[in-house]
Amino acid sequence: MNDHRTRFLELALRADALRFGEFTLKSGRQSPYFFNAGLFNTGATLAELAGCYADAVDAAGVDFDLLFGPAYKGIPLATALACEYARRGRDLPVAFNRKEAKAHGEGGTLIGAPLSGRRVLIVDDVITAGTAIREALGIIAAAGGQVAGIVIALDRQEVAGGVELPPGQTRRSAAQTVGAEHDLPVVAVATLGDLLAFTGNNATLATQRDRLLAYREAYGSAE
């Protein structure tokens, strides 16, 4: 496993952003783990997280020149990543959107650097149904930008949908679906597969592995 993946999973556990137990997801599925990027809520944890993002992006070789954070969780993530790249000697412009257009002041739904003519990297926490990412793609296109790729913290590598997977349904994750639909690279700092390897190598977490495997068997995508 790449070092940034291990660092990320260790950080997520320390920040309580990654938990094991019984969790009911929005889809209605009973998941043996839960990830909440909102719990990276201190300067130190965000800085360390941004380092993991930057390493994942660099390893993937995505060519971009602007960072875009979809409201809301993408905003601090893109900002922290911009600060990390500045620390590494690369000063990148940042932009993000509002959920609702502002009628006064600068107005509009976009804040930050102009997108026109830029190769944009979308920075977010997860892709669940892909709704927020598709909205961001539309916003960037309307502003004249070109999306170069998407980076997320964790790819659950599971099919979207309800509690039961219909027979014959293509086992493709939300991240895979968005990437295929728009011909874009989707980079994950870590995946469910990485989490399985991580728990298998950690004596404290080894008991969680069988439950993770069972969940992947039921809902995992063909990745």
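Only a predicted model underlies this, so the values are computations on that prediction, with no experimental measurement involved.

What follows deals with the pattern of salt bridges. Following the criterion strictly, the structure yields 16 salt bridges and no others. The shortest N-O distance in the salt bridge between Arg 88 and Glu 84 comes to 2.6 Å. Arg 88 sits in the partly exposed class, given a relative accessible area of 35%. When its relative accessible area of 7% is taken as the criterion, Glu 84 is described as buried. Of the charged contacts, one joins Arg 156 and Glu 158 as a salt bridge, the two residues approaching to 2.8 Å between their closest N and O atoms. Judged on exposure class, the residue Arg 156 and its partner Glu 158 are both buried.

All right, on to the UniProt feature "binding site: orotate" (unreviewed entry) in the chain then. Taking the UniProt record as the reference, the feature "binding site: orotate" (unreviewed entry) is found at Phe 34, Phe 35, Thr 128 and Arg 156. Across 123 residues in sequence, these annotated residues keep their C-alpha atoms within 12.5 Å of one another, forming a single compact spot. With respect to the helices and strands, the residue Phe 34 is situated in strand β2 (residues 30-35). Leave out the neighbours within four places in its chain, and Phe 34 touches Ala 17, Leu 18, Arg 19, Phe 23 and Leu 25. Along the chain, Arg 156 turns up in the loop between β7 (146-155) and α5 (174-182). Since its relative accessible area comes to 17%, Arg 156 is described here as buried. In contact with Arg 156, not counting residues within four places along its chain, are Leu 25, Ser 31, Tyr 33, Leu 192 and Tyr 215. There is a polar contact of 2.9 Å between the side chain of Arg 156 and the side chain of Ser 31.

Where burial is concerned, the two faces of strand β3 (residues 66-69) agree: the one with Leu 66 and Phe 68 and the one with Leu 67 and Gly 69 are both buried. Inspection of the sheet shows β3 paired to strand β6 (residues 119-123) by 3 bridges, in the parallel sense. Bridge assignment links Leu 66 to a residue of β6, and that residue is Val 120.

All right, on to the side chain of Glu 158 then. Locating Glu 158 in the fold gives a position in the loop between β7 and α5. We classify Glu 158 as buried; its relative accessible area is 10%. Only 2.8 Å separates the side chain of Glu 158 from the side chain of Arg 156, close enough to count as a polar contact. For Glu 158, the side chain forms a polar contact with the side chain of Tyr 215, separated by 2.9 Å. Contact partners of Glu 158, with chain neighbours within four places excluded, come to Leu 25, Arg 29, Ser 173, Ala 174, Tyr 215, Tyr 219, Gly 220 and Ser 221.

The rules we used
- Residues numbered from 1 in each chain as written.
- Predicted model: local features only at pLDDT ≥ 70, side-chain atom pairs only at ≥ 80, totals over all residues.
- Heavy atoms only, no water.
- Salt bridge = Lys/Arg side-chain N within 4 Å of Asp/Glu carboxyl O.
- Buried < 20%, exposed > 50% of the residue type's maximum accessible area, 1.4 Å probe, protein only.
- UniProt positions renumbered as here; feature names shortened; annotations may be inferred.
- Helix = DSSP H or I, 4+ residues; strand = E, 2+ residues; numbered from the N terminus.
- Contact = heavy atoms within 4.5 Å.
- Polar contact = N/O pair within 3.5 Å; in protein donor to acceptor, adjacent residues only side chain to side chain.
- Pairing = 2+ DSSP bridges.

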